[in-house]
Structures are given as structure tokens and as C-alpha cells.
Amino acid sequence: MFVRVVRFTDVTVERVEALVARIDETGPPPGVPIKKLQMVFDEAQGTAVVLQYFDSEADLRAGGEAFAAMDPSETPGRRASVDAGELKVEREP
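Attention in this report is confined to the structure presented alongside it. (Residues numbered from 1 in each chain as written. Predicted model: local features only at pLDDT ≥ 70, side-chain atom pairs only at ≥ 80, totals over all residues. Heavy atoms only, no water.)

What sets the pattern is the α-helix's 3.6 residues per turn: residues three or four places apart point alike. Taking 1.5 Å of rise per residue, the 12 residues of helix α2 (residues 57–68) would be expected to cover 16 Å, and the 16 Å separating its terminal C-alpha atoms lies within 8% of that figure. Buried within α2 we find L60, G63, G64 and F67. The arc enclosing the buried residues of α2, seen along the axis, measures out at 105°, which places them on a common side. Against the buried residues of α2 lie β1 (2–9), β3 (47–54) and β4 (78–86). (Helix = DSSP H or I, 4+ residues; strand = E, 2+ residues; numbered from the N terminus. Expected span 1.5 Å × (residues − 1). Buried < 20%, exposed > 50% of the residue type's maximum accessible area, 1.4 Å probe, protein only. Arc of directions from axis to C-beta. Contact = heavy atoms within 4.5 Å.)

Written out as C-alpha cells, the structure is:
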């Protein structure tokens, strides 16, 4: 499993609500082979961290290219950082 982690600043409740509604309605952008999506929103700081999960490194690259090409109005805020790599540890109690 591969994960792309994107941190956003200047995030508002309205943008998060609009993004969640759009994802619920249409799912991922066409051609994005995403397996799982998570978003952590810190309203007090106006930040969000989005975790995008993919089955393979090739899928990660394809998804990353599609997400990076998105219009900023389609994101929760301003991209502050992007990290990506292979998930090495996942534990649940």
C-alpha cells in the first residue's frame, strides 16, 4: 500500500463541507485509482491533512499527477506540503 499525504492551510469549514459533498456525490476524479481517502480537519488552525491510499507505486504516481493538476478551488485550501511513500506500519489495538 502506498500513501500520499497532503497538508493544506487556509482551510475553512465551508470548503471542507463543499469538498465532502462533492466526494460523496461523485467519488474520486476520473482515472484516479484511489483505494481509501481520509481527511483530518483542524478548524481552529485552519489546516487539513489528506491521506490518499493506493495499491501500487504506479497508482500513487497516477493519482498524484491527477490531484496535483486539480484547480485550487477543488481542494480544501492551499497546498502546504506533499509527501508520498510506501506504508510500512499499520497497527490497530
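Next up on the list: the sheet that holds β4. Spatially, four strands are ordered β2-β3-β1-β4 in an open sheet, and the strand pairing comes out antiparallel. Strands with a single pairing partner mark the edges of an open sheet, and in this sheet they are β2 (36–42) and β4. Strand-to-strand, the axes of this sheet are offset by a mean angle of 15°, without reference to chain direction. Bridge analysis of β2 against β3 gives seven bridges, and the strand direction is antiparallel. Paired with M39 across the bridge in β3 is V50. In the packing of α2 onto the sheet, the strands contacted are β1, β3 and β4, and the crossing angle to β1 comes to about 20°. (Pairing = 2+ DSSP bridges. Axes fitted to C-alpha atoms, helices over the stretch in contact; angles between N-to-C directions.)

It is worth spelling out unusual backbone geometry at this point. In the Ramachandran plot, D10 falls in the positive-phi region, its phi being about 60° despite a non-glycine side chain. Inspection of the secondary structure puts D10 in the loop between β1 and α1 (13–26).

This next bit is on the environment of G85. Looking at the element boundaries, G85 is found in strand β4. By relative accessible area, which is 26% here, G85 ends up partly exposed. Between the C-alpha atom of G85 and that of V49, which follows or precedes it by 36 residues, the distance is 15 Å. In this structure G85 touches F2, V3 and L60, once residues within four positions along its chain are discounted.

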